[in-house]
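Chain and residue survey
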Amino acid sequence: MFALAAMAAFAVGAPGMAKRVAFVTTHVGGGQAAAPGQGAQAGPERFPRDSRDLAIGAGVQQSPAPAASPSAAAQPGQRPTSPSRAPTPVPGGSPAEQQIAQAVFQAINDDRAAAGLPALRWSAALGRSARQHDLAMAAANTLSHQLPGEAGLGARETQQGVAWSWAGENIGYTTNRTTAGALGIHQLMMGERPPDDGHRRNILTSTGNQVGVDVLLDTAHGRLWLTEDFAKA
């Protein structure tokens, strides 16, 4: 049985609702859309290291700024027309982490097929972007779409060589560090209902055409971190 408590008024750019289920606390943020050329901002949420919970952050989306004139300087958050440098190196996940990530990827496309939508193709570049973010969240032990000193979603995808025209991201963690735990996060996202369904909308996007999924097994904090980075490219 759910007991609902509003954390803040649901609005674009604001946290959504908190859902509590028995001994499991689930913090859910509503879908957020960034203004053109801006990264979606979601404040960090800190949780005790010994908490036994599962959480998902706000599902976010981003579109690029209009193209600048030849004489104009690029504005922060704008997507370049083509990557200007090699992708930022990111340590790869372990075989166990990659196996769990592939299970989540399959679940995403299974739910898309059930909704009559085409499968998203796997993107190694988006997988690196997601890995980069999981490493940042684990290092800070913080669930957030952008941590202090970290590039925003669009810039992070660009750093990995993705020439995107639309970008989205879902994040979450669970203390169940197994495939079942990661799929539990996915099921929670798919169980959302409008208007608090930003994660579900990203998964069932009709705009994006590719995704990268990363899972990080964090032994220091006893958590499984999950990031799903989406794009149209």
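Residues numbered from 1 in each chain as written. Predicted model: local features only at pLDDT ≥ 70, side-chain atom pairs only at ≥ 80, totals over all residues. Heavy atoms only, no water.

Comments concerning the pairing of strand S12 (residues 223–232)
Definition in use: Only protein chains enter the accessibility calculation, which uses a 1.4 Å probe; a residue whose area is less than 20% of its type maximum is buried, one above 50% is exposed, and one in between is partly exposed. Segments assigned H or I by DSSP are reported as helices when at least four residues long, segments assigned E as strands when at least two residues long, and all are numbered from the N terminus. Note on pairing: two strands pair once DSSP finds at least 2 bridges between them.
For S12, the tally of buried residues reaches 9 of 10 residues, placing the bulk of the element in the interior. Judged from the 9 bridges that link them, strand S10 (residues 166–174) and S12 form a sheet pairing that is antiparallel. By the bridge assignment, Glu 169 is partnered in S12 with Asp 229. Here strand S11 (residues 210–218) runs beside S12; their pairing, made up of 9 bridges, is antiparallel. Bridge assignment links Leu 216 to a residue of S12, and that residue is Trp 225. Linkage of S11 to S12, two consecutive antiparallel strands, is achieved through a turn of 4 residues, within which Gly 222 is found at a positive phi near 65 degrees.

What about unusual backbone geometry?
In this model, Pro 194 is joined to Pro 195 through a cis peptide bond whose omega is 5 degrees. Its place among the elements puts Pro 195 in the loop between helix H4 (179–190) and helix H5 (198–203). A positive phi angle, near 50 degrees, is found at Asn 141, a position not held by glycine. When you line up the elements, Asn 141 lands in the loop between helix H2 (124–140) and strand S9 (142–143). Its relative accessible area of 8% is what places Asn 141 among the buried residues.

Overview of the packing of aromatic side chains
The way to describe two aromatic rings as a pair is by their centre distance and the angle between their planes. Here is the rule we go by: Each Phe, Tyr or Trp ring (for Trp, its six-membered ring) is paired with any other whose centre lies within 6.5 Å, and the angle between the two planes then decides the class: stacked below 30 degrees, edge-to-face above 60, tilted in between. Geometrically, a lysine NZ or arginine CZ counts as sitting over a ring once it is within 6 Å of the ring centre and also within 35 degrees of the ring normal.
For the coordinates displayed, the defined rule picks out 2 aromatic pairs. The ring of Tyr 173 is capped by Arg 223, whose NZ or CZ atom sits 4.0 Å from the centre of that ring.

Description of the nonpolar core
How we decide: Working definition of a nonpolar core: buried Ala, Val, Leu, Ile, Met, Phe, Trp, Tyr and Cys residues. They are joined through side-chain atoms within 4.5 Å. Should any heavy atoms of two residues lie within 4.5 Å, those residues are considered in contact.
Counting 20 residues, the largest nonpolar core has Ile 203, Val 213, Leu 224 and Leu 226 as the members making the most contacts within it. The leading source of residues in this core is helix H1 (residues 95–114), at 5 residues. Residues contacting Leu 224, with those up to four places away along its chain left out, are Ile 100, Gly 172, Tyr 173, Thr 174, Asn 176, Arg 177, Thr 178, Ala 182, Ile 185, Val 215, Leu 216 and Leu 217. Counting 9 residues, the second largest nonpolar core, distinct from the first, contains Ala 55, Ala 138, Tyr 173 and Trp 225.

Description of the layout of surface pockets
As a reminder of what qualifies: Definitions used for this entry: grid spacing 1 Å over protein atoms alone; cavity, a set of points where a 1.4 Å probe fits but cannot get out; pocket, an open set with protein on both sides within 12 Å along at least 5 of 7 lines; lining residue, one with an atom within 4 Å of a point. Grid points are joined across faces, edges and corners, and a volume is the space filled by probe spheres set on the points.
Of the voids in this model, the largest pocket is the one considered here, and its volume is about 240 Å³. In terms of lining, the largest pocket is formed by 16 residues, of which the most central are Gly 93, Gln 98, Trp 122, Gly 127 and Asp 214. Listed by contribution, the elements that provide at least two residues to the lining of the largest pocket are H1, H2 and S11.

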